[in-house]
Amino acid sequence: MSVVKWHGELIGQKVVEALQKNGFDAIYCSSCNEAVEYVLQYVQKRSRVGFGGSMTLETLQLAQRVEAKGGIVLNHNRPGLGPEEKLEIQREEILCDLFLCSINAVTLDGWLVNVDGVGNRVAALTFGPKKVIALVGKNKICSDISVALNRIKTLAAPMNCKRLNLDNPCIKTGTCMDCASNSRICRVYSVMVRRPMSSDITVVLVGEDLGF
């Protein structure tokens, strides 16, 4: 076992134990392939599967894999959608059979830290879908809440703004400027300290770097 893999597994298992202590279902997968196979066991034919906007999910090609298994993909980022169509799918995602997403940062003590522009992802994470699975690359593990928020400001937010071609100040500075732009995506902050009472959430920690 390489030193990098050893360290990722050691820290990953520590985070999994912390998440479980906080009431979440959580597992560690050493590879992306292992994580994908885990997710697909929850996809049934004609089950409605919602997708939170995520480079992690795109990298794993989960939408295509869900469709290949007969699931109905609810993806508000599908090309060609108008604003009303996109909003309607975002609403449908909140009441889907399975909701897939990633997390902006996860702390060593098992807290899930996110920031949204619309709030649909954190809404579905909190309550609504019958089952939620959040896939998180080991690069998103942070020591504590302050480091997690700093990660969002210096990495996730500016990189997502650039990916989405949004002309916000952070794409010029590389870090959050706490702007008042109409296209600001840092609007809804969510810190999940424990699993919400009525939600079934599994966090899949992957021993590879995924997403921003």
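Residues numbered from 1 in each chain as written. Predicted model: local features only at pLDDT ≥ 70, side-chain atom pairs only at ≥ 80, totals over all residues. Heavy atoms only, no water.

Identification of the protein chain as LUD domain-containing protein from Neomoorella thermoacetica is taken from an unreviewed UniProt entry.

Another point: the sheet that holds strand β9 (residues 188-192). Read across the open sheet, the 4 strands follow the order β8-β5-β6-β9; overall the sheet is mixed. Unpaired on one side and paired on the other, β8 (141-142) and β9 mark the two borders of the sheet. Two strands pair when backbone bridges link them, and strand β5 (residues 105-107) and β8 are joined in this way by 2 bridges, in the parallel orientation. For Val-106, the partnering residue across the bridge sits in β8 and is Ile-141. Running over the sheet, helix α7 (residues 145-163) touches β5, β6 (112-116), β8 and β9 and is turned about 30° from β6. (Pairing = 2+ DSSP bridges. Helix = DSSP H or I, 4+ residues; strand = E, 2+ residues; numbered from the N terminus. Contact = heavy atoms within 4.5 Å. Axes fitted to C-alpha atoms, helices over the stretch in contact; angles between N-to-C directions.)

Now for the sheet that holds strand β10 (residues 201-206). The sheet built from 6 strands is open, its strands ordered β1-β10-β7-β4-β2-β3 with parallel pairing. Two strands close off the open sheet at either side, each with one partner strand: β1 (25-29) and β3 (72-75). When the angles between neighbouring strand axes are averaged without regard to direction, this sheet yields 20°. Where strand β7 (residues 131-137) and β10 come together, 6 bridges link them in parallel fashion. Its bridge partner lying in β10, Leu-135 is registered against Val-204. Strands β2 (48-51), β3 and β4 (98-102) of the sheet are contacted by helix α5 (residues 83-93), whose axis makes an angle of about 120° with β3.

Attention now goes to the state of the cysteines. Under the counting rule described, the total for this entry stands at 0 disulfides. A disulfide-free cysteine, Cys-161 has its sulfur positioned 3.7 Å from the sulfur of Cys-170, the nearest such atom. The thiol of Cys-186 is unpaired, and the distance to the nearest cysteine sulfur, on Cys-176, comes to 4.9 Å. Take Cys-186: its relative accessible area is 9%, and that puts it in the buried class. (Disulfide = S-S within 2.5 Å. Buried < 20%, exposed > 50% of the residue type's maximum accessible area, 1.4 Å probe, protein only.)

With that settled, consider the environment of Met-192. Structurally, Met-192 is set in strand β9. A relative accessible area of 5% places Met-192 in the buried class. Aside from chain neighbours lying at most four places away, what touches Met-192 is Phe-24, Gly-110, Trp-111, Leu-112, Leu-125 and Ile-201.

Here we take up empty space enclosed by the protein. Scanning all chains against the criterion turns up 1 cavity of 30 Å³ or more. Its boundaries defined by the atoms lining it, the largest cavity holds a volume of some 90 Å³. Considering the residues around the largest cavity, the lining is formed by Ala-157, Cys-161, Asn-168, Pro-169, Cys-170, Cys-176, Met-177, Asp-178, Cys-179, Arg-184, Ile-185 and Cys-186. Partitioned by chemical class, the residues of the lining of the largest cavity number 9 nonpolar, 1 polar and 2 charged. (1 Å grid on protein atoms, 1.4 Å probe; cavity = no way out; pocket = protein on both sides within 12 Å on 5 of 7 lines; lining within 4 Å. Points joined across faces, edges and corners; volume = space filled by probe spheres on them. Nonpolar A, V, L, I, M, F, W, Y, C, P; charged D, E, K, R; others polar.)

Leu-19, Val-106, Leu-112, Val-203 and Leu-205 are the most contacted members of the largest nonpolar core, which totals 24 residues. Elements with a contribution of two residues or more to this core: α1 (3-21), β1, β4, α6 (120-126), β7 and β10. Residue contacts for Val-203: discarding those within four places in its chain leaves Leu-19, Asp-25, Ala-26, Ile-27, Leu-112, Ala-134 and Val-136. In terms of nonpolar packing, the next biggest core, distinct from the first, is built from 23 residues, Ala-63, Val-73, Leu-100 and Ile-133 among them. (Core = buried A, V, L, I, M, F, W, Y, C linked by side-chain atoms within 4.5 Å.)

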